[in-house]
Amino acid sequence: MALSYYVRHHPAVLISAFTLPSPSLSTRIHQQPTAISSGNDFVNFHQATKRGSTKPSSLVTNASPSGIDEWPIISQAAVFFGTYAGLALASFPTIKLIETFSQSVVGLEKWRIYIIDSTLPILMGLVYLLGGIGHFVAADSFQDIYPALGSWGIWYLPGSAAFHVAWTGIIELVCGAGLIFSGIRDAISSEDGEEENILINFIKPICASILFLLTILVTPANIYMFTHGAVMGDMAPLDMSFHVIRFVVQVAFLSLLFTLARDSFFYAWGDELD
């Protein structure tokens, strides 16, 4: 019944799902794929029902800076999966580069003492701890970049934006604090020769592994900012250079977290075998 209704009364809605929108369609809101009728025009809205509100907010009159939200849905989905493929392809050689650097330049003993045991977990822990705090201090801003249902034609994850911002923030807080604790503890114990505890020794690789997976899981928010022009709060539209820099930073974070999880696990496991 619904399909026949749109075929008779609004055929443009069905056609637009498979073709590029008409250039004359100038009034759009890009962060929510739901369509609302306004005379003879259909307007997509994100901030029209921002964070569950029924009161419309300002309309965005242009496509996102990337222009990808003007593409056919199948092409948008290709960008989504292509971004993940790009992260994997870029992270693998970066991880190998870090491995070579640790062996040939720093040396494995110094790499463990000064990097894996202390400096890297403390720095990464601070980044994610502060990020976790931001999920609650600026929750609305983080909710703004949560992908709307139907984005890329594939995003139908249950749960509200507030829910997903909250649970990811909790994980960042807990695991960030875990990395800081383990880093400080290892730095102190290496100086005073304190006897190590097997369970505490594995806090670092566990937290690093969880944050590595979390960084992968929250990537759709980054992709959404790129493809649909979503911004946090009242930020100005982000140009392409921002997305390129963030992609590089995310590759670095994924590579460092993977290295930290792998190396700290082997060091902890080796200590127990000794």
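What counts, and where the lines are drawn
- In every chain, residue numbers begin from 1 and rise along the written sequence.
- Only residues with pLDDT of 70 or above have their local features reported here, since the model is predicted, and side-chain atom pairs are shown and tallied only from 80 upward, although totals for entire chains, interfaces and linings are computed over all residues.
- Neither water nor hydrogens contribute to the side-chain values; these are computed over all heavy atoms in the structure.
- Only DSSP runs of H or I with at least four residues qualify as helices, and only runs of E with at least two residues qualify as strands; both kinds are numbered from the N terminus onward.
- Burial classification: accessible surface area is computed with a 1.4 Å probe over protein chains only, and a residue below 20% of its type maximum counts as buried, one above 50% as exposed, and the rest as partly exposed.
- In this analysis, two residues are considered to be in contact whenever any of their non-hydrogen atoms come within 4.5 Å of each other.
- Areas reported here follow the Shrake-Rupley algorithm with a probe of radius 1.4 Å; residue values treat only the protein chains shown as occluding.
- Two rings from Phe, Tyr or Trp (for Trp, the six-membered ring) form a pair when their centres are within 6.5 Å of each other. A pair whose planes differ by under 30 degrees is stacked, one over 60 is edge-to-face, and the rest are tilted.
- Salt bridges are defined as contacts in which a side-chain nitrogen from Lys or Arg sits within 4 Å of a carboxyl oxygen from Asp or Glu.
- In these notes, a set of buried Ala, Val, Leu, Ile, Met, Phe, Trp, Tyr and Cys residues joined through side-chain atoms within 4.5 Å is what counts as a nonpolar core.
- pLDDT: the predictor's confidence for each residue, scored from 0 to 100.
- Patches in this entry comprise residues that are over 30% relatively accessible and not in a salt bridge; like charges within 9 Å are linked, as are nonpolar side chains (Val, Leu, Ile, Met, Phe, Trp, Tyr) within 5 Å.
- Counted as a polar contact is a pair of N or O atoms within 3.5 Å, where, for protein atoms, one must be capable of donating a hydrogen and the other of accepting one, and residues adjacent in sequence contribute only when both atoms are in side chains.
- The span expected for a helix works out to 1.5 Å for each residue beyond the first.
- To get an axis, a line is fitted to the C-alpha atoms, and for a helix only the part in contact is used. The angle between two axes follows their N-to-C directions and goes from 0 to 180 degrees.
- Any angle that is under 35 degrees is reported as roughly parallel, and any over 145 degrees as roughly antiparallel; angles of 65 to 115 degrees are reported as roughly perpendicular and all others as oblique.
- Each crossing is labelled by how the near helix is turned from the far one, with a counterclockwise turn of less than a right angle marking it left-handed and a clockwise turn marking it right-handed.

Draft legend 1. Quick look at the overall build of the chain. If you tally the helices and strands in the chain, you get ten helices and two strands. The burial tally for the chain puts 38% of its 274 residues in the buried class. Looking at the chain alone, contacts between residues at least 24 apart form 72% of all its contacts between residues at least 6 apart. With an accessible surface of roughly 15100 Å², the chain has 70% of that area assigned to carbon and sulfur atoms.

Draft legend 2. Region of interest: the side chain of T227. On the secondary structure map, T227 appears in helix α9 (residues 219-228). Discounting chain neighbours no more than four positions away, the residues touching T227 are S64, S66, I68, D69, V79 and W152.

Draft legend 3. Structural detail: α9. Among the ten residues of α9, ten are classified as buried, and the element is accordingly described as predominantly covered. Buried within α9 are the following residues: T219, P220, A221, N222, I223, Y224, M225, F226, T227 and H228.

Draft legend 4. Molecular detail of the packing of aromatic side chains. Applying the stated criterion to the full structure yields eleven aromatic pairs. Relative to W155, the ring of W152 has its centre 6.0 Å away and its plane inclined at 90°; by these criteria the two rings are edge-to-face. Accessibility classification places W152 together with W155 in one group, the buried group. An angle of 70° between the planes, with centres 5.7 Å apart, marks the rings of F265 and F266 as edge-to-face. Accessibility expressed as a relative area gives 51% for F266, which makes it exposed. The rings of F80, F81, Y84, Y146, W152, W155 and Y224 are connected pair by pair, giving a single aromatic cluster.

Draft legend 5. Just the pattern of salt bridges, in detail. Scanning the model with the defined rule gives seven salt bridges in all. The closest approach of N and O atoms between R262 and E99, which form a salt bridge, is 3.6 Å. Linking R262 in helix α10 (residues 240-273) with E99 in helix α3 (residues 73-106), this pair joins segments that are 163 residues apart in sequence. Here the salt bridges share partners, and the residues they tie into one network are R112, D117, R185, D186 and K204.

Draft legend 6. Region of interest: the nonpolar core. I116, M124, L179, L211, L257 and L260 are the most contacted members of the largest nonpolar core, which has 20 residues in total. The element best represented in this core is α10, accounting for six residues. Discounting chain neighbours no more than four positions away, the residues touching I116 are W111, P121, K204, T259, L260, D263, S264 and Y267. Y146, Y224, M225 and L238 belong to the second-largest nonpolar core, a separate cluster that totals 13 residues.

Draft legend 7. Representation of the confidence of the model for the chain within the structure. Per-chain confidence: the chain averages 82 in pLDDT, with 73% of residues scoring 70 or above. Ignoring residues within four places in sequence, the model shows residues 1-61, a span with pLDDT below 50, making 97 contacts including any to other chains.

Draft legend 8. Seen up close, a nonpolar patch on the surface. Taken together, the side chains of L130, I133 and V137 present a nonpolar region at the surface, about 310 Å² in accessible area. Mapped onto the elements of the fold, L130 is located in helix α4 (residues 108-137).

Draft legend 9. Representation of the environment of D239. Looking at the element boundaries, D239 is found in the loop between α9 and α10. The partly exposed category is assigned to D239, whose relative accessible area is 45%. Separated by 13 residues in the primary sequence, D239 and F226 have C-alpha atoms spaced 8.9 Å apart. Engagement of the side chain of D239 in a polar contact is seen with the side chain of S241, the distance being 2.5 Å.

Draft legend 10. View of helix α8 (residues 203-217). Taking 1.5 Å per residue, 15 residues should reach 21 Å; α8 reaches 21 Å between its end C-alpha atoms and fits that length. Buried residues of α8: K204, P205, C207, A208, L211, F212, L214 and T215, and no others.

Draft legend 11. Local environment of the environment of G233. Looking at where G233 falls in the secondary structure, it is placed in the loop between α9 and α10. For G233 and A139, which are 94 residues apart along the polypeptide, the C-alpha to C-alpha distance reads 9.7 Å. Leaving out residues up to four positions away in the same chain, G233 has contacts with S141 and D144.

Draft legend 12. Spatial organisation of the packing of α3 against α9. Remark: α3 packs on α9, axes separated minimally by 11 Å, with the N-to-C direction vectors making an angle of 130°. Here α3 lies oblique to α9, going by the angle between them. Two packed elements cross with a definite hand, and for α3 against α9 that hand is right-handed. In this structure, α3 uses Q76, V79, F80, T83, Y84 and L87 to contact α9, whose residues at the interface are T219, P220, I223, F226, T227 and H228.

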